[in-house]
Structures are given as C-alpha cells and as structure tokens.
Amino acid sequence: RITANLHANGGKLCVPLDLPRFQDYAVEVKVPASTYSSPTGVLATFLRDVMKRNMTNFRVFGPDETAPNKLQGIYPASNKTWMAEFFFDDTATTEIYTNGRVMEMLSEHTLEGWIEGYALTGRHGLFSTYESFVHVIDSLFNPHCKWLESCKQVLTRHTTVTPLTLRIPPHAWRQTPNRYTTQDPRI
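1. Brief notes about the pairing of strand β1 (residues 58-62)
Then, number 1: Among the five residues in β1, five count as buried, and that is most of the element.
Then, number 2: Covered by surrounding structure in β1 are F58, V60 and G62 together with R59 and F61, the residues of both alternating faces.
Then, number 3: Inspection of the sheet shows β1 paired to strand β5 (residues 124-128) by four bridges, in the parallel sense. Its bridge partner lying in β5, R59 is registered against G125.

Written out as structure tokens, the structure is:
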C-alpha cells in the first residue's frame, strides 16, 4: 500500500527550514526617496541563504524565468538542474548543473506537480510564476488544497505538510520584462 510508504507521509517527514533572520536583509533608508534597492533582489539574497542552509530540503521552481524575474541572486547557492547532455561551454555560460536546486521548465503543470510532490514528502519550495500563467496551475493547486483539507478530517498525519509557496510577479502596475503580454488584472 502506498500509505505504508514512509515517503508518502510528508507530515511525519517535515523538517522546519533553517531560516536566517529576515531582519538581517533590511534595507537601510536614511532619507526617504534617496536610495533604491530592488525588493526582488533582496528576496533573492534571502532565498540564496535559505537554500545554502537547507541544501537537502529546499528548492526553487519556475517556468524558465528565474533571472528575468530578478531571482538570479539565488545562483551563488545553487545552479539550475540540468539532466540532459552537456555541450562544451554550457556550464561556463549558463547556470546549469546536474545537482542544481533551481528547477526550471517551460511547463507550469509539471512544475506544480513537482513542488506538490516535494511538499508532500516533507520538503520545502518556492514556485515563482508570472501572474498570467498562475491560472494554468490553479487547475492543480486548488484540488491539492481541497485534498489537504479533506485529509485533515480523516487523517491527522497530513496536518503538518509543508505549504505550496507561490510568488507571482510582475505586479499589475509594473509590467517588465514582457510589458503587455502578461497582464492579468484578475490576480
């Protein structure tokens, strides 16, 4: 039976993340409107350190948009996962390697399934996808949430499964890098 498999019981396997103090990432503002610091760049630095401290149970998932979504600050901790053939200059010109912790693929459904399975086995992750594409995964995300709610009523072992954490850039008011092609006022 699959329920007898320890790996199918994320509630018992869940280990809290070893998180750095978020206060250490504060941006000092001495005079209002005198400096600029990219909020996403600060987040990337925080996530880099989260990844460094949790190399066996934290991953970042996204549809081939980590750098355009300004999360490339993660790469000093880990490259993207690449399981296909390498060519001569691949590792020198791109952030790919076989043991990478950043999962990229241009398939939101596959990525959502990966992070769901990752969470259900007690590990943690962040899924970053554009706001217009979040509707692609809600056909999987919503049933997952309903399933977890049902499990809480029947099996108490699933009450501590790690959450599916979503980051949905860009904001409706600032449409970079794809300006008008990814706008979605429904979010």
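From this point, things continue past the structure.
2. Topic: the side chain of T40
Then, number 1: Within the fold, T40 resides in helix α2 (residues 39-53).
Then, number 2: Here the side chain of T40 touches R167 through a polar contact of 3.3 Å, side chain to side chain.
Then, number 3: Once you skip the residues sitting within four places of it in the chain, T40 turns out to touch N69, K70, L71 and R167.

3. Notes on the packing of aromatic side chains
Then, number 1: A full pass over the atoms with the stated rule returns two aromatic pairs.
Then, number 2: Between Y25 and F46 the ring centres are 5.3 Å apart and the planes differ by 85 degrees, which places this aromatic pair in the edge-to-face class. Remark: F46 occurs in helix α2 and Y25 occurs in the loop between α1 (10-13) and α2; sequence separation between them is 21 residues. There is no split in this pair, since Y25 and F46 are both buried.
Then, number 3: Ring geometry for F61 against Y118: centres 5.8 Å apart, planes inclined by 70 degrees, an arrangement best described as edge-to-face. Of this pair, F61 sits in strand β1 while Y118 sits in helix α4 (residues 108-120); the two residues are 57 residues apart in sequence, bridging distant segments of the chain.
Then, number 4: Under the relative-accessibility criterion, F61 is labelled buried at 2%.
Then, number 5: On the accessibility criterion, Y118 (6% relative accessible area) is buried.

4. Description of the nonpolar core
Then, number 1: Ranked by internal contacts, the top residues of the largest apolar core, which has 14 residues, are L47, M51, F58 and I74.
Then, number 2: For this core, the secondary structure elements donating two or more residues are α2 and β1.
Then, number 3: Looking at which element gives the most residues to this core, the answer is α2, with five residues.
Then, number 4: Discounting residues that sit within four places of it in the chain, F58 has contacts with L17, L47, V50, M51, R101, Y118, H124, G125 and L126.

5. Thoughts on the environment of N57
Then, number 1: With respect to the helices, strands and loops of the structure, N57 is situated in the loop between α2 and β1.
Then, number 2: Sequence separation between N57 and V15 is 42 residues, and the spatial gap between their C-alpha atoms is 8.2 Å.

6. Describing the confidence of the model for the protein
Then, number 1: Here the protein shows a mean pLDDT of 80. Residues at 70 or above account for 78%.
Then, number 2: Looking over the protein, one finds the lowest element-wise mean pLDDT in helix α3 (residues 90-93), namely 63, and the highest in α2, namely 95.

7. Focus on α2
Then, number 1: Taking 1.5 Å per residue as the helical rise, α2 with its 15 residues ought to reach 21 Å, and the 21 Å between its terminal C-alpha atoms agrees with that figure.
Then, number 2: Close packing links the buried residues of α2 with β1, β4 (102-104), β5 and β6 (165-167).

What counts, and where the lines are drawn
- Residues numbered from 1 in each chain as written.
- Predicted model: local features only at pLDDT ≥ 70, side-chain atom pairs only at ≥ 80, totals over all residues.
- Heavy atoms only, no water.
- Buried < 20%, exposed > 50% of the residue type's maximum accessible area, 1.4 Å probe, protein only.
- Helix = DSSP H or I, 4+ residues; strand = E, 2+ residues; numbered from the N terminus.
- Pairing = 2+ DSSP bridges.
- Polar contact = N/O pair within 3.5 Å; in protein donor to acceptor, adjacent residues only side chain to side chain.
- Contact = heavy atoms within 4.5 Å.
- Phe/Tyr/Trp six-rings, centres within 6.5 Å; stacked < 30°, edge-to-face > 60°.
- Core = buried A, V, L, I, M, F, W, Y, C linked by side-chain atoms within 4.5 Å.
- pLDDT = per-residue confidence, 0-100.
- Expected span 1.5 Å × (residues − 1).

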